[in-house]
Amino acid sequence: MKSDSPTRMLYAFGPFRLDPAERILRRNGQTISLTPKAFDTLVVLVERDNRVVEKEELLERVWPDTFVEEATLTQNISTLRKVLGDATEASRYIETVPKVGYRFIQPVQRLEMPPGAARAAAARAPRRGLWWSVTALGLLIVMTGYFLWKRDGRPGPTGKLMLVVMPFENLSGDPGQEYLADGLTEEMITQLGSLNPERLGVIARTTAMSYRGSQKSVAEIGRELGMDYLLEGSVRHEGSQIRISAQLIDVRDQTHIWAESYDRDARDMLVVENEVAGAIASSVEIRLTPATRARLAATHRVDPMENELYLKGRYFWNQRNGESTDKARDYFRRAIHLDPSDARSYAGLAETYAGANWPEMQAVAAPAVARALALDNTLADAHISNALLKMYGYDWEGAENEFRRTLILDPNSVVARLFHAQRLQATGQNDEAIAEVDRAVAIDPLSVLANQAAGSALFYARRYDASRNALMKTIELAPDFSWAHLRLARVYIQQGRFPEAEAELLKIRASSPGIAGILLGQLYALEGKKDEALAQVPPNADSSGFEAVLIFAALGDKSHAFATLEQCVKDHDVNVIYLKVEPGFDSLRGDSRFALILRMAKLQ
């Protein structure tokens, strides 16, 4: 006869009851929520009550198959103390033995459940027949599976955790310091996104910022974005001091699994960012490479005034309009003047010129990029601008190498992925371009630019119905976003739906008169209205104006079309990247002059 099941041990201490077999901790009969690893840590300490458990033993017992930093253990101990109502200074439960480990000092009573107790209880239950037994067993299996999923519904070893950094709150009372909160939010997104991209995904800036001032609960935000964790925090800047508070919340049950406040000199802002990133990596058990650990451990102080100018430059650059771009350039230049050794400001200045006309790119962006990379070759923003300079200079292979380098340094960069998609599309790699844009949308699902780029990539791939769907989603996010209406009009033109195309163009002609007028010219030309079409040709179309070629091509005026394209290639017009895939140029492709234009742009 087989022996009965082994004795089941329960532990009682103070108002708490610990059941290791069922993985339940109760206080006065109420179940207490604990993360799985915190629970395991408590079990080890309680089993060895009043004896010191060394840190190495705890790490080995709780994380037998995973290497984690000692800070992770420290965080688990901190979590347990909060749950138990303990205090570090006057411990009643967990005592720290300096440089050695921890000891559970509260008296523990062991309660044994005798062998066969569960079986006896089952025998006393009324018999209801085989059908009821099978039904009950089925329900038990389903409920157990549900319980396990709810208890630890995290991805497995090959899964990926998802985190969103909520906009940091400006507690200074000065609206003029919003740039500081925004800058800290953006930096934390970048830091966390580069920790271990295979295991931790971080939602990008635009989507995160859309929740500023939101009254939605943690559960609602987590459900909308499909998140596992949410980081929220605040910043206060007074004089030379800065106070940063942050807390990491498990979306599953809204428990706070890590929280800390930092009162530091303003020069240590980047150091605090590294410390927060390292603490979060430990809390969610993300394995870090030696290079990443070294980066987080590095101490890099900043000049508070120069850092303020840099952050203001980022703040205005992120607004993406003419006036704010001018302000951003001014702040970046002032930051460079104050501290010529900070690569970030050079990279920021280069960004503001990387999509300008070619002479400005060569005069300002190129030397700024070179200086940024000379100071810090690991700065992703500088590599993005370098990639754009190469792309607009028709060095397609060099651009590809720089984009790949950027995405190694900052896999979470939506900007890099959207520009990389343009590079892929320029050389006819439509499927790869669409996949890259899809990755950008996954990182930043509420980004108007990313969703519009999805519609654009599908348009150039001639997938017009799918393009329309993506653009309609973009318009839902931002009804007044003119570029989505312009691209949608182009989809309708290619589909021969001229009345709908005209309606879209007329909606935004007041806000985008130039390009809307040119597309109306293309539409009129396709409808056979030559005079109306020519009236839309801009005065400088012979020397510039890539889009004007759409009108010439629709009119069958190849002479003007090729003259304008040739000039655009010579001028390094940024739109030349669409030369190979532009549907509006299909009527020109059979002409030998088109092949010559492609060779000029090194696209053939």
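Details of the structure are given in the entry above.
A brief structural summary. (Residues numbered from 1 in each chain as written. Predicted model: local features only at pLDDT ≥ 70, side-chain atom pairs only at ≥ 80, totals over all residues. Heavy atoms only, no water.)

### Things to note about the side chain of Gln106
This is how it is decided: To qualify as a helix, a DSSP run of H or I must reach at least 4 residues; to qualify as a strand, a run of E must reach at least 2; elements of each kind are numbered from the N terminus. Identification of polar contacts relies on pairs of N or O atoms within 3.5 Å, with a donor-acceptor requirement for protein atoms, meaning one able to donate a hydrogen and the other able to accept it, and with residues adjacent in sequence counted only if both atoms are side-chain atoms. Whether two residues touch is decided by their heavy atoms; if any such pair falls within 4.5 Å, the residues are in contact.
For Gln106, the position within the fold is in the loop between β7 (101-104) and β8 (109-113). Among the polar contacts listed, one links the side chain of Gln106 to the backbone oxygen of Arg92, at a separation of 2.9 Å. If we ignore the near neighbours within four places in the chain, the residues touching Gln106 are Phe13, Gly14, Arg92 and Tyr93.

### Overview of helix α25 (residues 548-555)
Just so we agree on the cut-off: Whether a residue is buried, partly exposed or exposed follows from its accessible area with a 1.4 Å probe, protein chains only, as a fraction of its type maximum: under 20%, in between, or over 50%, in that order.
Burial runs high along α25: six of the eight residues are buried. Among the residues of α25, Ala548, Val549, Leu550, Ile551, Phe552 and Ala553 are the ones counted as buried. Buried residues belonging to α25 abut α21 (482-494), α23 (513-526), α24 (530-534) and α26 (558-571). Among the residues trailing α25, Gly556 stands out with phi positive, at a value near 80 degrees.

### Quick look at the pairing of strand β12 (residues 229-238)
For the record, the criterion: In short, DSSP must find at least two bridges between two strands for them to pair.
Burial analysis of β12 places seven of its 10 residues in the buried class, which makes it a mostly covered element. In this sheet, β12 lies alongside strand β9 (residues 161-165) in parallel orientation, the contact comprising three bridges. The partner of Leu163 across the bridge, within β12, is Tyr229. What sits between the antiparallel neighbours β12 and strand β13 (residues 241-250) is a turn of two residues, in which Gly239 has the positive phi angle 60 degrees.

### Side note on the pairing of strand β1 (residues 8-13)
Note that β1 and strand β2 (residues 16-19) share three bridges and pair antiparallel. Bridging from a neighbouring strand, Phe13 pairs with Phe16 of β2. Linking two consecutive strands that pair antiparallel, namely β1 and β2, is a turn of two residues; a positive phi of about 55 degrees is found at Gly14 within it.

### Observations regarding the sheet that holds β7
The criterion, for reference: Fitted lines through C-alpha atoms give the axes, limited to the stretch in contact for helices. The angle between two N-to-C directions lies from 0 to 180 degrees.
Overall, antiparallel pairing links the three strands, which are arranged β5-β7-β6 in an open sheet. Looking at strand neighbours, the two that pair on one side only are β5 (52-54) and β6 (94-97), the edges of this open sheet. Going from strand to strand, the sheet's axes swing by 30 degrees on average, the running direction of each strand aside. Sheet topology places β6 next to β7; four bridges connect them, and they run antiparallel. The partner of Val97 across the bridge, within β7, is Gly101. Packing of helix α1 (residues 36-47) onto the sheet brings it into contact with β5, β6 and β7, and relative to β7 it is tilted by some 65 degrees. Its contacts with the sheet put helix α2 (residues 55-62) on β5 and β7, and the angle it makes with β5 is roughly 70 degrees.

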